[in-house]
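# Inside the fold
Given next are the chains, with one letter for each unit.
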Amino acid sequence: MIWIIARRQLLDYLITWRFGLVLAISTVLVVLGTSLQVATLEEQLEDYEARQHQLRQETGDARTFNEVRLGVGRRPPMLGFLCAGQDQQLPHFATTGILYPPLEALGVPTAKDRFWYIGWGAIQTFARQNPLMRGLRKIDFAFAVATFLSLLAFLLSFDSISGERETGTLFLVIANSVSRGAILLGKLLGGMGCLAISLAVALNAALIVGLQSPRIALGTADWIAVGLLFAVSLLFLSGLFILGMVVSCWTDRPSTSLVVLLLIWTVAVALIPNAAPYAASLLREMPSESEYARKYAETSQSLQEMLDELGHRSPPPSSIPMGADFVNSERISGFIPYARKLSWAPREAVDWYITGTEEGNRFLVDSIDEQWKLFDVRFVRLLSQRDLAEWLGRFSPVFSFSNLAERIAGTHPSVGVRFARQAKQFHDLLIAFARQEGGLGLRFFTPLKREDFHLLVDYQQLWDAGGMERIREIYEEKYEKTEPVQGLPVFRFRPEPPLDVALHTDLILLTLLPALFFIWGFFTFIHREEAGRP
């Protein structure tokens, strides 16, 4: 009997104008929205690959640790055209080096040629935005499910009980010894079948459009995620369909059920998902940009004082002319024993630079950690603001579905958080590797060994014989025989484990709600009909 009711209900749903109209609108939106998302994803992939290629070339030519620039990146998720989420607002790439923390992974715009300096404009940009908060929804498959197909679930279920009660059909069915549980379960299965067909049409339309792009190639894990996204979408829509049946059980007229469900849909789809981030931003305010500028200025001032102190403690050797011709180096100041690059110099000057550069880099590494902590503290507060918005938003199943869909597609803000944390771990690994290879001392500013530099006596003779041109010729020949830095670590982004997604709070909520709604509807149905109100 259950399957008979389910089949009849499914056929009734499929021939209604409600089903055809909503399905047509949602499919057209999915096709148009997917086309836009595919174009955006192609741009992201092209930019990501271009930056990777550029940095590979630069890193391959790096002969000193100061020249090393490594790319820290996460490939834009292939399923972004199905559920764009917040991925377009999150960093995909950051450049890092010994003295260049991957602040781009935190959303701080930096320039790789500005040493440890960041700049007021970058601080303003960072302090004024929260890329982790949910912004305006993009039109894609997940958007169509959360809006139009959720509306379809209510439009199909609003008269499932009250409509038959009003016409008297329900009383006749019950009089023929059909159990109330069979009636509810049959209608539920029929509704789920209709919603499954709607989902399949919309999802296949999105996949057909997306896979036309030569840059989008789905692997096994991606296809599993597609199947999981379909299952979660059906679970979400089933919960709404059951809720519609509950409301239909409570009311006597279909028009009343429709009004109540449209109100619920408006609150769940439009009000709560948009109000939750706004409420969270009011409840947990962020520090002002002037506060960050002050803290950053204090960090920079402390660093400058440490370097000045280093110069006072270790003045340059009085016996060596430190002019740019006799000693060719990129340095902070002629009085500070810190070199970023050394082309030629007598060995005594090299020893002075080695000692000062090792000590100066210890200062700079500590300063970089303080810099990271300064911005990371705000990043943590952004996370707390976003977490509060998520908990407030969970009053709506639409919000929970959107969160879960973004996690499955790899476009949830939590991906940006994982990227930032792993980028900092990689930078720490790079510094540890540099320490092990002498990259904070001699190898920081020159690929030559200490013995390759002439003692001052020999160096002076070469200078007297041929001047700067002779010195340049000798040391350029030595440089040509050196090799680029070898054995550098490679960054590989580790996405969220599937088990973490499976056990996520939103999936638990979406699983429990249909069961609770069905139990609620069952007892409501029994109570109403046994009370003699057919």
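Model, not experiment: these values are computed from the prediction. (Residues numbered from 1 in each chain as written. Predicted model: local features only at pLDDT ≥ 70, side-chain atom pairs only at ≥ 80, totals over all residues. Heavy atoms only, no water.)

### As for the environment of Tyr-475
Formally: Counting from the N terminus, the helices are the DSSP runs of H or I reaching at least four residues and the strands are the DSSP runs of E reaching at least two. Type-normalised accessible area, obtained with a 1.4 Å probe on protein chains alone, sets the label of each residue: buried when under 20%, exposed when over 50%, and partly exposed for intermediate values. Residues count as neighbours in contact if any of their non-hydrogen atoms are within 4.5 Å of one another.
Inspection of the secondary structure puts Tyr-475 in helix α15 (residues 456-480). Exposure remark for Tyr-475: the relative accessible area of 1% places this residue in the buried category. Spatially, the C-alpha atom of Tyr-475 lies 8.6 Å from that of Phe-453, the residues being 22 residues apart in sequence. When neighbours within four sequence positions are excluded, Tyr-475 is seen to be in contact with Ser-343, Trp-344, Ala-345, Leu-448, Asp-452, Phe-453, His-454 and Tyr-459.

### Quick notes on the packing of helix α4 (residues 141-157) against helix α8 (residues 220-250)
Note the cut-off: A fitted line through C-alpha atoms serves as each axis, taken over the contacting stretch for helices, and the angle formed by two N-to-C directions is quoted from 0 to 180°. Here is the rule for angles: anything less than 35 degrees is roughly parallel, anything more than 145 is roughly antiparallel, 65 through 115 is roughly perpendicular, and the remaining ranges are oblique. If you view the pair so one helix is near and one far, a crossing is left-handed when the near helix is turned anticlockwise from the far one by less than a right angle, and right-handed when it is turned clockwise.
The N-to-C vectors of α4 and α8 enclose an angle of 30°; their axes lie 8 Å apart at closest approach. Taken together, the axis directions place α4 and α8 in an arrangement best described as roughly parallel. The interaxial crossing formed by α4 with α8 has right-handed handedness. Facing Phe-141, Val-145, Ala-146, Leu-149, Ser-150, Ala-153, Phe-154, Leu-156 and Ser-157 of α4, the residues of α8 in contact are Leu-229, Ser-233, Phe-236, Leu-237, Leu-240, Phe-241, Leu-243, Gly-244, Met-245 and Ser-248.

### Things to note about the side chain of Thr-95
For the record, the criterion: A 3.5 Å cut-off defines polar contacts: any pair of N or O atoms within that distance qualifies, except that in protein one atom must be a possible hydrogen donor and the other a possible acceptor, and neighbouring residues in sequence count only when both atoms are side-chain atoms.
Inspection of the secondary structure assignment puts Thr-95 in strand β2 (residues 93-96). Judged by its relative accessible area of 10%, Thr-95 falls in the buried class. At 3.1 Å, the side chain of Thr-95 and the side chain of Arg-51 are in polar contact.

### Let's talk about the packing of aromatic side chains
The criterion, for reference: Aromatic pairs are defined between Phe, Tyr and Trp rings, using the six-membered ring for Trp, whenever the two ring centres lie within 6.5 Å; interplanar angles under 30 degrees are classed as stacked, those over 60 as edge-to-face, and all others as tilted. In this analysis the charged atom, NZ for Lys or CZ for Arg, is taken to sit over a ring once it is within 6 Å of the ring centre and within 35 degrees of the ring normal.
For the structure on display, the rule yields eleven aromatic pairs. On the basis of an interplanar angle of 50° and a centroid distance of 5.0 Å, the ring pair of Trp-352 and Tyr-353 is categorised as tilted. With respect to burial, Trp-352 and Tyr-353 carry one shared label: buried. Taken together, Phe-419, Phe-426, Phe-491 and Phe-493 form an aromatic cluster joined through their ring pairs. It is Lys-478 that lies over the ring of Tyr-475; its NZ or CZ is 4.9 Å from the centre.

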